[in-house]
Amino acid sequence: MKQSLGHRLFIWTGVAVLLIWSLGPIYWTLASSVTPAEDFSARPIHFLPQRFTLDHFSRLLGIDLARIGGVEVWAQFRSALLNSIVTSIAATVLCVAISALGAYAFTRLTFPGRRFLFGAVVATLAIPAYAVLIPLYQIMISLRLVDTYLGVALIYVSAYLPLSLWLLRSVFEALPLSLEEAAQLDGAGRLYIFFKIVLPLAGPGLTAAAILTFLGAWGQYLVPLIFSPNVTKPLTVLIPEFVTKNFIDYGLITASGSIAIIIPALVVIFLNRYLVSGLLAGSVK
Amino acid sequence: MASVSVTNVRKSYGHVEVLHGVGIEIEDGEFVILVGPSGCGKSTLLRMIAGLEDISGGDIAIGGKVVNEVAPKHRDIAMVFQSYALYPHMTVEANMGFSLRLAKAPKNEIQQRVRDAARILGLENLLDRYPRNLSGGQRQRVAMGRAIVRQPQVFLFDEPLSNLDAKLRVQMRSEIKQLHQRLRTTTVYVTHDQVEAMTMADRIVVMRDGYVEQIGSPLDLYDRPDNLFVASFIGSPGMNLIRGHISTDGPVEFIAADGGRMPLPGKVDLERGAEVVYGLRPEHVTIGEGGVDAEVILIEPTGAETQIVCRIGAENVVVALRDRIAVSAGDTLSLIPDLGKLHLFDGITGRRL
Ligand SMILES: Nc1ncnc2c1ncn2[C@@H]1O[C@H](COP(=O)(O)OP(=O)(O)O)[C@@H](O)[C@H]1O
Ligand SMILES: [Mg+2]
């Protein structure tokens, strides 16, 4: 079918607007991170950096500080980066593991209250985090979990579990029951079937759940602001601290922001390979 | 190998009963086919034998031992699913060896048995492939291979050929039958296709709406259907069934609802005026002098035989002739029913008279 010029123009305009809308801020962050500090206040604003520098990254990563006479932020940045990575990965692994088991139980086991329980868990998606923040804080204090990896990861898990559970349940429901029945007749038990038949076939679903959880945990701000004040402080909480009363360090903010963008992007690119569907082809009809 | 006995088995889903007391005795080594229209409960019964469905009432015994409460994996049965249910992430070899690996059989034994099964089924060159790289017929063979590798007490098949094209279906039909003749494993096979049932089974169980209508060898069912349902279900083209009654006076004759008259065998002992159904297979009619007049409506040559649809009074009757005769639509034929092979059914209960 040949589309009219107007029609195509319309589509391309839409695509362009969307691209600028979503990629614009990212581009600005990346561009600013290699712009010398003096140029930040230059007017008019240039779309392309006029001069190129890696000074901000040097400061951030603590390389050759003597030359630029910068502040020592590397230690803070390193620990925040590490904290972000550790809590996000821990939350992802825990969340996917728990929701996979849970979703399988909700799909294939019959027990009283199954639908109600599932509904209740998923309904917690509708509860805004700030509504439960204070009671949660009290609970975490009494469990001595504030400012610990475990504590933060568990909060993330509770935040993303319902979504992941819901997603994985529909993934498991779509798997042909006859495969599991065949395995049952072949002598496999429930857990064996789960690990050797169901999980390998649910790869794309598990990957999607992992990506959602990782990205969600990576971008959390409010929760770590309260629950990760010091030793487990992640990037999201550290970066705004480069804004002080008298000085906004655009260089550090955009350099650390760039790194904070690149890591989840790498994770998504890496996991994307496992999102391929069509794994089931040829098993049933 | 083992016998399977199904005694007064019932199955309900919620308040709906779908099997109403089914009883079947299957002997050791027998090939039994459950046949019936879609939705009559064949798969449900098969799955109950497999242990995939709970038994709401009655008993199922395998090898003389009641297995109602025995888990599927301890029943020593293998099932071939309609959808094949091959594990998509495993090679053909891994699919076939799955149960043996689970049972922790020695590696070389697994390999040996998988190779043997593959040889029987002509799968030797496909062992490294994944199910997605196989054709429909090959997948079907792998599914069977997975079953025979187990060397189970009983094979269960649920419409295994329904996803294949017509030609392959005929071929697989004879392969499955040969396989059974070779292995002699008790087999319960479900199909809705009466031709499949007739050609493969030692005995056929005809089911309808959760009841067993008749159990017998293929030729039993063909020669002596117990009731109208079996009479109409078995045989292709189907038996001609004409409603009417026995003449109330004059010579003993069958009088169709529209008034047409058909001859009856001399020895019949039927009440005058009784409502009956006159059943005549298309192949049990010849053409000759002094028969019943019929107008030719349609001629369908199949090569081996010629099927002629004709009309006696207001009734359509199909006649299958071995001889090729020169007739055309609108001609009148004189049909002579083979009275020795006539079937009469009670017009009210549908039972054979
Ligand atoms: N899980 C189920 N829940 C409720 N009804 C079912 C279920 N499975 C089968 N049935 C019903 O039981 C009857 C028999 O089904 P089935 O054994 O699959 O028939 P067949 O294999 O002879 O076509 C059908 O009326 C079907 O609707
Ligand atoms: Mg069925």
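Here the structure is a predicted model, which is why all the values come from computation and not from measurement.

Digging into the overall build of chain A
Part 1: Counting its regular elements, chain A contains 13 helices and zero strands.
Part 2: Order of helices (α) and strands (β) in chain A, N terminus to C terminus: α-α-α-α-α-α-α-α-α-α-α-α-α.
Part 3: Taken over the C-alpha atoms alone, chain A extends approximately 70 × 65 × 35 Å along its principal axes.
Part 4: Relative to its 285 residues, chain A shows a buried fraction of 40%.
Part 5: Across chain A, the fraction of contacts at a sequence separation of at least 24, relative to all contacts at a separation of at least 6, is 69%.
Part 6: Taken as a whole, chain A presents about 16100 Å² of accessible surface, with 72% of it coming from carbon and sulfur.

Re the domain arrangement of chain B
Residues and elements named next belong to chain B.
Part 1: When the domains of chain B are assigned, the result is domain 1 (4–233) and domain 2 (240–346).
Part 2: Summed over both sides, the interface of domain 1 with domain 2 buries roughly 660 Å², with 63% coming from carbon and sulfur.
Part 3: Considering only the surface of domain 1 that becomes buried against domain 2, Tyr222, Leu228 and Ala231 emerge as the three largest contributors, covering 74% of it.
Part 4: The interface formed by domain 1 and domain 2 holds zero salt bridges in total.

Overview of the domain arrangement of chain A
All names here are of chain A.
Part 1: When the domains of chain A are assigned, the result is domain 1 (5–68) and domain 2 (76–275).
Part 2: Taking only C-alpha atoms into account, the centre of domain 1 sits 31 Å from that of domain 2.
Part 3: Counting residues at the interface gives eleven residues for domain 1, matched by 13 residues for domain 2.
Part 4: For the pairing of domain 1 and domain 2, the buried interface totals around 980 Å² over both sides, and the portion due to carbon and sulfur atoms is 82%.
Part 5: Broken down residue by residue, the surface that domain 1 buries against domain 2 is led by Thr29, Arg59 and Leu60, which jointly contribute 48%.
Part 6: Counting across the domain 1 and domain 2 interface gives one salt bridge.
Part 7: One salt bridge in this structure joins Asp249 and Arg59, with 2.8 Å as the shortest N-O distance.
Part 8: Along the contact surface separating domain 1 from domain 2 lie three residue pairs in polar contact (both at pLDDT 80 or more).
Part 9: For the side of domain 1 that touches domain 2, the secondary-structure elements that each account for two or more residues are helix H1 (5–33) and helix H2 (55–61).
Part 10: Looking at the side of domain 1 that touches domain 2, its residues break down into six nonpolar, four polar and one charged.

Things to note about the packing of aromatic side chains
Part 1: Summed over the entire model, instances satisfying the criterion amount to 15 aromatic pairs over all chains.
Part 2: Residues A:Phe214 and A:Trp218 carry aromatic rings whose centres are separated by 5.7 Å and whose planes lie at 20° to one another, so their mutual orientation is stacked. With A:Phe214 and A:Trp218 both in helix H10 (residues 203–218) and four residues apart, this pair spans about one turn of that helix.
Part 3: With relative accessibility at 6%, the residue A:Phe214 sits in the buried group.
Part 4: When the ring of B:Phe229 is compared with that of B:Phe233, the centres are 5.5 Å apart and the planes differ by 20°; the resulting orientation is stacked. Of this pair, B:Phe229 and B:Phe233 both sit in helix H8 (residues 228–233), separated by four residues, roughly a single helical turn. Like B:Phe229, the residue B:Phe233 is buried in the burial classification.
Part 5: The ring of B:Tyr87 is capped by B:Arg146, whose NZ or CZ atom sits 4.6 Å from the centre of that ring.

Notes on the site of ligand 1
All names here are of chain B.
Part 1: In the vicinity of ligand 1, the contacting residues are Tyr13, Val18, Ser38, Gly39, Cys40, Gly41, Lys42, Ser43 and Thr44.
Part 2: Interatomic distance of 2.6 Å between a side-chain N/O atom of Ser43 and an oxygen atom of ligand 1.
Part 3: If one sorts the elements of the shell around ligand 1 by residue count, helix H1 (residues 42–50) sits on top with three residues.
Part 4: A breakdown of the residues in the shell around ligand 1 according to their chemical character gives three nonpolar, five polar and one charged.

Considerations on the packing of helix H4 (residues 74–108) of chain A against helix H9 (residues 190–201) of chain A
Packed helices, taken two at a time, are described by their axes: the angle between them and the distance between them.
Residue and element names in this part refer to chain A.
Part 1: The N-to-C vectors of H4 and H9 enclose an angle of 105°; their axes lie 12 Å apart at closest approach. In terms of axis orientation, H4 runs roughly perpendicular to H9. Where H4 approaches H9, its residues Ala100, Leu101, Tyr104 and Arg108 are matched on the opposing element by Arg190, Ile193, Phe194, Val198 and Leu199.
Part 2: The residue makeup of the contact of H4 with H9, split by class, is seven nonpolar, no polar and two charged.

Remarks on helix H4 (residues 136–149) of chain B
Part 1: Helix length check: H4(B), at 14 residues, gives a terminal C-alpha distance of 20 Å against a target of 20 Å (1.5 Å per residue), a fit within 8%.
Part 2: The element H4(B) is largely enclosed, with a buried count of twelve among its 14 residues.
Part 3: Every buried residue belonging to H4(B) is among B:Gly137, B:Arg139, B:Gln140, B:Arg141, B:Val142, B:Ala143, B:Met144, B:Gly145, B:Arg146, B:Ala147, B:Ile148 and B:Val149, and all of these are buried.
Part 4: On its buried face, H4(B) is in contact with helix H8 (177–185) of chain A together with strand S6 (77–80), helix H2 (92–102), helix H3 (107–121), strand S7 (154–158) and helix H5 (166–183) of chain B.

Section: the interface of chain B and chain A
Many authors give the size of an interface as the accessible area that is lost as the parts come together.
Part 1: Each partner contributes to the interface: chain B provides 25 residues, whereas chain A provides 23 residues.
Part 2: Buried surface at the junction of chain B and chain A, summed over both partners, amounts to about 2100 Å²; 63% is from carbon and sulfur atoms.
Part 3: Seen at the junction of chain B and chain A, the total is two salt bridges.
Part 4: With a shortest N-O distance of 3.2 Å, A:Asp186 and B:Arg150 are connected by a salt bridge.
Part 5: Taken together, the links from chain B to chain A amount to seven residue pairs in polar contact (both at pLDDT 80 or more).
Part 6: Elements represented by at least two residues in the side of chain B that touches chain A include exactly H1, S6, H2 and H4 of chain B.
Part 7: No other element matches H2(B), which puts three residues into the side of chain B that touches chain A.
Part 8: Looking at side-chain class alone, the side of chain B that touches chain A contains 15 nonpolar, four polar and six charged residues.

Cut-off values and rules
- Residues numbered from 1 in each chain as written.
- Chains lettered and ligands numbered in written order.
- Predicted model: local features only at pLDDT ≥ 70, side-chain atom pairs only at ≥ 80, totals over all residues.
- Heavy atoms only, no water.
- Helix = DSSP H or I, 4+ residues; strand = E, 2+ residues; numbered from the N terminus.
- Buried < 20%, exposed > 50% of the residue type's maximum accessible area, 1.4 Å probe, protein only.
- Contact = heavy atoms within 4.5 Å.
- Areas by Shrake-Rupley, 256 points an atom, 1.4 Å probe, with all protein chains shown as cover.
- Domains from an automatic or database assignment.
- Buried area = accessible area lost by both parts, 1.4 Å probe.
- Salt bridge = Lys/Arg side-chain N within 4 Å of Asp/Glu carboxyl O.
- Polar contact = N/O pair within 3.5 Å; in protein donor to acceptor, adjacent residues only side chain to side chain.
- Nonpolar A, V, L, I, M, F, W, Y, C, P; charged D, E, K, R; others polar.
- Phe/Tyr/Trp six-rings, centres within 6.5 Å; stacked < 30°, edge-to-face > 60°.
- Lys NZ or Arg CZ within 6 Å of the ring centre and 35° of its normal.
- Near = heavy atom within 4 Å.
- Axes fitted to C-alpha atoms, helices over the stretch in contact; angles between N-to-C directions.
- Parallel < 35°, antiparallel > 145°, perpendicular 65-115°, else oblique.
- Expected span 1.5 Å × (residues − 1).

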